[in-house]
Amino acid sequence: MQNAKIIAMAGKGGTGKTTISALVIKYLLEKNLTPVLAVDADPNANLNELLGIDVGATLGDIREDMRTKTPEGMSKHDYMEMQINQAILEATGYDLVVMGQPQGPGCYCMANSILAGVLERLSHSYKFLLVDNEAGMEHLSRLNLRNIYKLIVVSDASSRGVTAAKRIADLTASLDVKVEEKILIVNRIPDNMPEELIKHIEKTVSESDLKLGGFVPYSQPIFEYEAARKSILDIPNNADGVKETMRILEKFIGNP
Ligand SMILES: Nc1ncnc2c1ncn2[C@@H]1O[C@H](COP(=O)(O)OP(=O)(O)O)[C@@H](O)[C@H]1O
Ligand SMILES: [Mg+2]
């Protein structure tokens, strides 16, 4: 069976990566591009909150567990694999696994390599893997996710933000990660985007290997759903911000 296609998020904190991750899941579910495995690789995990799911053990907890307790007669590898399988949360059409915080000092190399192996095996059972994370992409190579189908770089509507997005996109070259397509989404734009800023964005994109996905407006419904702790999956597709995000996803992910 084929490996899952990997969609990974990147961009500075607070730009909207987790929100757009949830909308990517919404898109994939609605297009029946399932099953989907969502990987929350942000130490301050919160993708589950936007999806309205409670999380039990994170992989960080399991890693920590593995250092201290392994049942007799079981190898650390088997124990961790069993724990990871138990930590996968099953929702309708998609599963979620949460990396969580690496607790305490010490090296997690062995745990990470077991985790990478489990993810690799898991990836055969999914059509898509969606990886939400913090700013950078180091964890992609750490988890041995070296073939990225789409890298979605999210930026705020600022000149420095877009320059930072380009820098992040450029980093993949040094990480031994192959990316088929890098897409820039400028998120939470105001009603009046200054012409100068649009020019700067277009210039920045032209000097990089990013493609301009589009501009997602500030969205009152996204704001309200987040505030009310309601699942982003339930926001209507014609809502402000959601509509444009879906258009971008349709264009770049389509129905492969
Ligand atoms: N288009 C948007 N309109 C309104 N609020 C948004 C939009 N995109 C994101 N937000 C809000 O911005 C905040 C940060 O978004 P989040 O997705 O958590 O960013 P990141 O994962 O990059 O740190 C959240 O409160 C989220 O609800
Ligand atoms: Mg986030």
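Quick look at the structure, then.

## Digging into the nonpolar core
Next up, step 1: Counting 72 residues, the largest nonpolar core has A8, L130 and V153 as the members making the most contacts within it.
Next up, step 2: Per-element accounting of this core gives the leading share, seven residues, to helix α1 (residues 17–30).
Next up, step 3: For L130, the contacting residues outside a window of four places in its chain are I7, S21, V24, I25, V36, A38 and V39.

## Describing the packing of helix α7 (residues 159–171) against helix α8 (residues 195–206)
A pair of packed helices can be characterised by two numbers: the angle between their axes and the separation between those axes.
Next up, step 1: Relative orientation of the contacting elements α7 and α8 amounts to 10°, with a least axis distance of 10 Å. On the basis of the axis angle, α7 is roughly parallel to α8. Between α7 and α8, the contacting residues are S159, V162, T163 and K166 on the first element and L197, H200, I201 and T204 on the second.
Next up, step 2: For the contact of α7 with α8, the residue count by class is three nonpolar, four polar and one charged.

## Brief notes about the pairing of strand β8 (residues 210–217)
Next up, step 1: Note: strand β7 (residues 178–189) against β8, seven bridges, orientation parallel. By the bridge assignment, V186 is partnered in β8 with F215.
Next up, step 2: A crossover connection joins β7 to the parallel β8 through α8; in handedness this β-α-β unit is right-handed.

## Describing the site of ligand 1
Next up, step 1: The immediate surroundings of ligand 1 are formed by 17 residues, with G16, K17, T18, T19 and E226 found nearest.
Next up, step 2: When contributions to the shell around ligand 1 are tallied by element, the ones reaching two or more residues are α1, β7 and α9 (220–227).
Next up, step 3: Each residue belonging to the shell around ligand 1 can be placed in one class, and the counts come to four nonpolar, ten polar and three charged.

## Examining helix α10 (residues 242–252)
Next up, step 1: Regarding α10, the residues found buried are V242, T245, I248 and L249. One side of α10 holds all its buried residues, which, seen down the axis, span an arc of 125°. Turned more than 90 degrees away from the buried face of α10 sit E250 and K251, all of them exposed.
Next up, step 2: Those residues of α10 hidden inside the fold are in contact with α1, β7 and β8.
Next up, step 3: Immediately beyond the C-terminal end of α10, within one or two residues, lies G254, with a positive phi of roughly 60°.

## Re the pairing of strand β1 (residues 5–10)
Next up, step 1: For β1, a buried count of six out of six residues is recorded, marking the element as mostly surrounded by other parts of the structure.
Next up, step 2: Burial along β1 is two-sided: K5, I7 and M9 facing one way and I6, A8 and A10 facing the other are all buried.
Next up, step 3: As paired strands, β1 and strand β5 (residues 128–132) are joined by four bridges and run parallel to one another. Looking at β5, one finds that I7 is bridged to L130.

## Topic: the environment of E244
Next up, step 1: Within the element layout of this structure, E244 appears in helix α10.
Next up, step 2: The partly exposed category is assigned to E244, around which 18 C-beta atoms lie within 10 Å.
Next up, step 3: The spacing of E244 and N187 is 57 residues in sequence and 10 Å in space, taken between C-alpha atoms.
Next up, step 4: Not counting residues up to four positions away in its chain, the partners in contact with E244 are G214, V216 and P217.

Cut-offs used in this document
In every chain, residue numbers begin from 1 and rise along the written sequence. Going through the entries in the order they are written, you letter the chains from A and number the ligands from 1. Only residues with pLDDT of 70 or above have their local features reported here, since the model is predicted, and side-chain atom pairs are shown and tallied only from 80 upward, although totals for entire chains, interfaces and linings are computed over all residues. Each nonpolar core consists of buried Ala, Val, Leu, Ile, Met, Phe, Trp, Tyr and Cys residues. Their C-beta atoms, within 7 Å, join them into a set. Around each residue's C-beta, the other C-beta atoms within 10 Å are counted; 20 or more make the residue buried, 12 or fewer make it exposed, and counts in between make it partly exposed. All C-beta atoms are placed from the backbone. To qualify as a helix, a DSSP run of H or I must reach at least 4 residues; to qualify as a strand, a run of E must reach at least 2; elements of each kind are numbered from the N terminus. Note on contacts: each residue gets a C-beta atom placed from the backbone, and two residues are in contact if those atoms are within 7 Å. Helix axes are fitted to C-alpha atoms over the stretch in contact, other axes to C-alpha atoms as well, and angles between N-to-C directions run from 0 to 180 degrees. Relative orientations are named as follows: roughly parallel for angles under 35 degrees, roughly antiparallel for angles over 145 degrees, roughly perpendicular for angles from 65 to 115 degrees, and oblique for any other angle. Three residue categories are used. Nonpolar comprises Ala, Val, Leu, Ile, Met, Phe, Trp, Tyr, Cys and Pro, charged comprises Asp, Glu, Lys and Arg, and polar comprises the others, including Gly. Paired strands are those between which DSSP finds at least two bridges. By the criterion used throughout, a crossover qualifies as right-handed when its path from the first strand across the helix to the second strand runs clockwise, the strands pointing away from the viewer. We call a residue near a molecule or strand when the C-beta position, derived from backbone atoms, sits within 6 Å of it. Think of it as the arc spanned by the lines of direction from the helix axis to the C-beta atoms.

Read these as layout, nothing more, since geometry by itself doesn't imply function.
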